[in-house]
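Here's the letter readout for the chains.
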Amino acid sequence: MTDLLYDSDEEALRGSVRALLAAHAPWQRVLAAVDSGEPYDAALWRRLVDQVGVTGLAVPAEHGGAGAGYREVAVVLEELGRAVAPVPFLGAVVATRALLACDGSALLRQVAAAERDVALAVGFATAPDAAFDAVTVGPGPTLSGRVVGVADTAPGGLLLVPTGDGLYAVDAAEPAVRTNPVVSLDATRPLVDIEFTAAPARRVAAGEVAATAVTAALTAGAALLASEQLGVAQWCLDTTVAYVRQRHQFGRPVGSFQAVKHRLADLWVELTEARAVARHAADRLGDTGTEAALAAALAQAYCGPVAVRAAEVCVQLHGGLGFTWEHPAHLYLKRAKSTAIAFGTADRHRAALARLVDLPAPGTADGVTDRCTGR
């Protein structure tokens, strides 16, 4: 088994990203940005791209990238989750994985060189085994249709649009492409509906190659999202432990009460397990066969609920302070809740795990349709 401990390069990368976020994205600034109407922190995103080179991390050196692995990408996502940073990094990684799977060499070079932002035009809740028929292909080729709930799109960026027969690249700045903001629980990761009206497109891949590329991209999204959820949960635990140490009730620290100790100890154990699961998922993304899908399904079946519990404990143990707008706890609760349904719910991933290891999912042994998969 691969060593899942962080190596020195990963720790150095973590230090660089954490220092940049501490300087340019403290929670006070993120909270202020929520009210500003700006969907993303464009200045922070450019710093991450230019100073750390995050868009080229997973791109091989022959395509102009850093040639790093998904373990390094996962470390960056841990730190972005820890800061609930409003940047479209996860979406960029998912789209890059699709390009890697279909050999989109020219586009990969543009992404690695930070010349274009790129996103996969699928709903944020889309699971890896989903079908794509919302967008149709016309002559030209042109695309028409509507995709709802898309995350991590950048103005003027490139959209990779899956259809029933291929994967197409569309310029988001085209007049035939209209994006409409929708209400999102997590204001640090806004969602949009995208409408294509005979939008000019370029085919990147067709047939089975395109389907495999999109599945690989969504599998990578599910696997790597676990690291972001880990970062959210770790901030919640660290912040809560620090608070209950200094907050006093009845003449003693709140953290000295046994009930509080037990809740935090249980959460620490869950986080330790979640870290192992998330690291395993990132480490297996380069594998062939079903290993990557198994690891991704396991990661989302476990890490999403852990992040939600950590955020809930954070809010509750902060007492009245945790429910105020001025404290950042609600940002983490909203991020945890929104990511709990991203790339498929935990229930859906548990059902996927059952299929991948040839175990009948609950409710399917007697031919009853499973509520999560519809199968």
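Everything below is about the structure printed above this text.
Overview of the structure.

Calculation notes
- Residues numbered from 1 in each chain as written.
- Predicted model: local features only at pLDDT ≥ 70, side-chain atom pairs only at ≥ 80, totals over all residues.
- Heavy atoms only, no water.
- Axes fitted to C-alpha atoms, helices over the stretch in contact; angles between N-to-C directions.
- Helix = DSSP H or I, 4+ residues; strand = E, 2+ residues; numbered from the N terminus.
- Parallel < 35°, antiparallel > 145°, perpendicular 65-115°, else oblique.
- Left-handed = near helix turned anticlockwise from the far one by under 90°.
- Contact = heavy atoms within 4.5 Å.
- Pairing = 2+ DSSP bridges.
- Buried < 20%, exposed > 50% of the residue type's maximum accessible area, 1.4 Å probe, protein only.
- Arc of directions from axis to C-beta.
- Polar contact = N/O pair within 3.5 Å; in protein donor to acceptor, adjacent residues only side chain to side chain.
- Phe/Tyr/Trp six-rings, centres within 6.5 Å; stacked < 30°, edge-to-face > 60°.
- Lys NZ or Arg CZ within 6 Å of the ring centre and 35° of its normal.

### A closer look at the packing of helix 7 (residues 207–246) against helix 9 (residues 291–317)
Helix 9 packs onto helix 7 with a crossing angle of 25° between their chain directions and a minimal axis gap of 8 Å. Comparing the axis directions of helix 7 and helix 9 gives the class roughly parallel. For the crossing formed where helix 7 meets helix 9, the hand is left-handed.

### A short note on the packing of helix 4 (residues 70–82) against helix 8 (residues 258–283)
It is the contact of helix 4 with helix 8, at a shortest axis distance of 8 Å, that shows an interaxial angle of 140°. Classified by the angle their axes make, helix 4 and helix 8 are oblique. The handedness of the crossing between helix 4 and helix 8 is right-handed. For the pair formed by helix 4 and helix 8, the contact residues are Tyr-70, Arg-71, Ala-74, Val-75 and Glu-78 on the first element and Arg-279, Ala-282 and Asp-283 on the second.

### Here's the deal with the sheet that holds strand 3 (residues 142–151)
Sheet strands associate in pairs through backbone hydrogen bonding, adopting either a parallel or an antiparallel arrangement. Ordered by their spatial adjacency, four strands build an open sheet running 2-3-7-6, and the pairing between neighbours is antiparallel. This sheet does not close on itself; its edge strands, each paired only once, are strand 2 (135–138) and strand 6 (177–182). Averaged over all pairs of adjacent strands, the angle between their axes in this sheet comes to 15°, without regard to strand direction. Taken together, the six bridges between strand 6 and strand 7 (residues 191–200) define a ladder with antiparallel strand orientation. If you follow Val-177 over to strand 7, its bridge partner there is Phe-196.

### Looking at helix 3 (residues 42–52)
Listed in full, the buried residues belonging to helix 3 are Leu-44, Trp-45, Leu-48, Val-49 and Val-52. Buried residues in helix 3, looked at end-on, bunch into an arc of 135°, giving them a common side. Seen from the open side of helix 3, the exposed residues pointing more than 90 degrees away from its buried face are Ala-42, Asp-50 and Gln-51. Of the residues that open helix 3, the one with a side-chain oxygen 3.3 Å from the backbone nitrogen of Ala-43 is Asp-41. Gly-53 sits one or two residues past helix 3 and shows a positive phi near 70°.

### Considering the sheet that holds strand 5 (residues 166–171)
Taken together, the four strands give an open sheet; going across it, the order is 1-4-5-8, and neighbouring strands pair in mixed fashion. The two strands at the open ends of the sheet, each matched to only one other strand, are strand 1 (118–120) and strand 8 (202–206). In this sheet, neighbouring strand axes are inclined to one another by 25° on average, regardless of whether the strands run parallel or antiparallel. Relative to strand 4 (residues 158–162), strand 1 is paired through three bridges, and the arrangement is parallel. Bridge pairing in strand 4 places Leu-120 opposite Leu-160. Across the sheet, helix 7 is in contact with strand 1, strand 4, strand 5 and strand 8; its angle to strand 8 comes to roughly 90°.

### Brief notes about the pairing of strand 7
Where strand 3 and strand 7 come together, seven bridges link them in antiparallel fashion. Considered in strand 7, the bridge of Val-150 is made with Val-192.

### A short note on the packing of aromatic side chains
For the structure shown, the criterion picks out two aromatic pairs. Between the aromatic rings of Phe-124 and Phe-343, the centroid separation amounts to 5.6 Å while the plane-to-plane angle is 70°, which identifies the pairing as edge-to-face. Highlighted residues: Phe-124 in the loop between strand 1 and strand 2 and Phe-343 in the loop between helix 10 (329–339) and helix 11 (346–356), separated in sequence by 219 residues. Take Phe-124 and Phe-343: they sit in the same class, and that class is buried. A cation over a ring is seen here: Arg-14 above Tyr-6, with NZ or CZ 4.6 Å from the ring centre. Positioned above the aromatic ring of Phe-257, the side-chain terminus of Arg-252 is 4.5 Å from the ring centre.

Read these as spatial facts, not as claims about activity.
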